[in-house]
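# Tertiary structure, described
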Amino acid sequence: MVEFLAENWGNLLVGGSLLTAVIFVVIKLIKEGGRGKSSCCSDCSKCKGCMSQNEKNRK
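Read on for an overview of the structure. These figures come from a predicted structure and were not determined experimentally.

What follows deals with the overall build of the chain. Scanning the chain from terminus to terminus reveals two helices and zero strands. Per-residue burial for the chain yields a buried fraction of 3% across its 59 residues. On the chain, roughly 5600 Å² of surface is accessible, and the fraction owed to carbon and sulfur atoms is 64%.

This is the structure we're talking about:
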């Protein structure tokens, strides 16, 4: 077991760091979603992602 850890400590360190970062991002997204913050402002006239939908509604 100690030999495995000695041979792979770098991989374990990087993997643990990545896992920690992903966990923090997910927690942040969950907290922001609970506060009503999101990338959608619910106003499609100002949304660049909804431009095709806005053009259809104008016709």
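A few words now on the pattern of salt bridges. A full pass over the atoms with the stated rule returns one salt bridge. Its salt-bridge partner being Lys-28, residue Glu-32 comes within 3.1 Å of it at the nearest N-O pair. With a gap of four residues between them, Glu-32 and Lys-28 both fall in helix H1 (residues 2-34), about one helical turn apart.

This paragraph deals with a nonpolar patch on the surface. Taken together, the side chains of Met-1, Phe-4, Leu-5 and Leu-12 present a nonpolar region at the surface, about 450 Å² in accessible area. Within the secondary structure, Leu-12 sits in helix H1. The class for Leu-12 is partly exposed, based on a relative accessible area of 44%.

Calculation rules
- Residues numbered from 1 in each chain as written.
- Predicted model: local features only at pLDDT ≥ 70, side-chain atom pairs only at ≥ 80, totals over all residues.
- Heavy atoms only, no water.
- Helix = DSSP H or I, 4+ residues; strand = E, 2+ residues; numbered from the N terminus.
- Buried < 20%, exposed > 50% of the residue type's maximum accessible area, 1.4 Å probe, protein only.
- Areas by Shrake-Rupley, 256 points an atom, 1.4 Å probe, with all protein chains shown as cover.
- Salt bridge = Lys/Arg side-chain N within 4 Å of Asp/Glu carboxyl O.
- Patch = residues over 30% accessible without salt bridge, like charges linked within 9 Å, V, L, I, M, F, W, Y side chains within 5 Å.

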